[in-house]
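A look at the structure
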Amino acid sequence: MTLAGKRVVVTRPRELAQGLAALIRQAGGEALLYPAIEIRDPQDPARVRGLLGRLQEFDLAVFVSPSAVHKAFELAQGRAWPRVAAVGEGTRRELEQRGLRNVIAPAGQADSEALLALPELAQLTGSRVLILRGAGGRELLGETLAARGAKVEYAECYRRAQPSAAPLPEGRIDAFCVSSGEALVNLAAMLGRARLADTPVFVSHQRVAAQAGALGLRHPMLAGPGDADMLAALVAYFGGAK
């Protein structure tokens, strides 16, 4: 029970938070769900459905997040997918749970740079690629694939929003878990930077750690992109703190 007595705030969208919360509880800790991002339907669902109605025209579909998988499958209405790729193992697992196999995905990393480094995406001349993402996502992936010869289209199948500010559960907070820079910025706006300044904030990527430093947070702890990575970082930190 390596997290016994520890109260850990999980800030992922509620529909994506259960896996990490379960691991924290199994390790003896208390997981407090406090979403810092809310996943909403796309601004133009008809356009997204139109793109998904043309799946047979694409050679590759790239999913940037688990939320992209959830929303795209809702809107695709059982259509057959072309070859698929995923930014990270969490997104790959979501695709595999829906019956897709041979998913192209980097091991142990969850960013566009790692996916682009795979040999399967090195040469795409003449390929048609559909990128499934949230509104306003990073442009690196699409721009790089286009530079490699692909014809790229985007299906922005969800929107991210800051939830309405709500009080944290009462009592001591031992750590926050944050999986994206946007969630970190929202969390600071919802709670105030001072509330986060002296509490360890466990983050999923070096970019998020850098944002934490820029926000004046003194204890950003780099974990990793997956639930198991986050749990391992929590256990290592609190085990060493005994």
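Residues numbered from 1 in each chain as written. Predicted model: local features only at pLDDT ≥ 70, side-chain atom pairs only at ≥ 80, totals over all residues. Heavy atoms only, no water.

What follows deals with the sheet that holds strand β7 (residues 151-161). Strand order in this open sheet of five strands is β3-β7-β6-β4-β5, and the pairing throughout is mixed. The sheet is open, and its two borders are formed by β3 (38-40) and β5 (83-86), each paired with just one other strand. Strand-to-strand, the axes of this sheet are offset by a mean angle of 25°, without reference to chain direction. Together, β4 (60-63) and β5 form the strand contacts of helix α4 (residues 89-97), whose direction differs from that of β5 by roughly 145°. (Pairing = 2+ DSSP bridges. Helix = DSSP H or I, 4+ residues; strand = E, 2+ residues; numbered from the N terminus. Axes fitted to C-alpha atoms, helices over the stretch in contact; angles between N-to-C directions. Contact = heavy atoms within 4.5 Å.)

Going through the model one piece at a time under the given rule, you end up with six aromatic pairs. With a centroid separation of 5.6 Å and an interplanar angle of 85°, the aromatic rings of Phe202 and Tyr237 are classed as edge-to-face. Residue Phe202 is found in strand β9 (residues 201-203), and its partner Tyr237 is found in helix α10 (residues 227-240); the two are separated by 35 residues along the sequence. Residue class for Phe202 comes out buried when judged on its relative accessible area of 0%. (Phe/Tyr/Trp six-rings, centres within 6.5 Å; stacked < 30°, edge-to-face > 60°. Buried < 20%, exposed > 50% of the residue type's maximum accessible area, 1.4 Å probe, protein only.)

Counting through the fold element by element, Thr91 comes out in helix α4. A distance of 3.5 Å separates a polar side-chain atom of Thr91 from the backbone oxygen of Val87. Excluding its chain neighbours within four sequence positions, the residues that come into contact with Thr91 are Phe63, Val64, Ser65, Pro66, Val69 and Ala86. (Polar contact = N/O pair within 3.5 Å; in protein donor to acceptor, adjacent residues only side chain to side chain.)

Judged by nonpolar contacts, the single largest core of 46 residues is most densely connected at Leu52, Phe63, Trp81 and Leu132. Dropping the residues within four chain positions of it, Phe63 is found in contact with Ala68, Val69, Ala72, Phe73, Trp81, Val84, Ala85, Ala86, Val87, Thr91, Leu95 and Leu132. Of all hydrophobic cores here, the second largest spans 17 residues; its members include Leu3, Ala21, Ala175 and Cys177. (Core = buried A, V, L, I, M, F, W, Y, C linked by side-chain atoms within 4.5 Å.)

The sheet built from five strands is open, its strands ordered β2-β1-β8-β9-β10 with parallel pairing. Of all the strands in the sheet, the pair left with one neighbour each is β2 (30-33) and β10 (220-222). Across this sheet, the average inter-strand angle for adjacent strands is 30°, counted without regard to direction. Summarising the sheet, strand β8 (residues 175-178) and β9 pair through three bridges and their orientation is parallel. If you follow Cys177 over to β9, its bridge partner there is Phe202.

Within this structure, the stated rule accounts for 16 salt bridges. Residue Glu74 pairs with Lys71 through a salt bridge whose shortest N-O separation is 3.9 Å. With a gap of three residues between them, Glu74 and Lys71 both fall in helix α3 (residues 66-76), about one helical turn apart. The partner of Arg207 in a salt bridge is Glu113, with the nearest N and O atoms 3.9 Å apart. Pair noted here: Arg207 is in helix α9 (residues 206-214) and Glu113 is in helix α5 (residues 112-116), with a separation of 94 residues, a long-range link. Accessibility expressed as a relative area gives 38% for Arg207, which makes it partly exposed. Several salt bridges converge on common partners, so that one network encompasses Arg54, Glu57, Arg128 and Glu153. (Salt bridge = Lys/Arg side-chain N within 4 Å of Asp/Glu carboxyl O.)

That is the geometry; function is a separate question.
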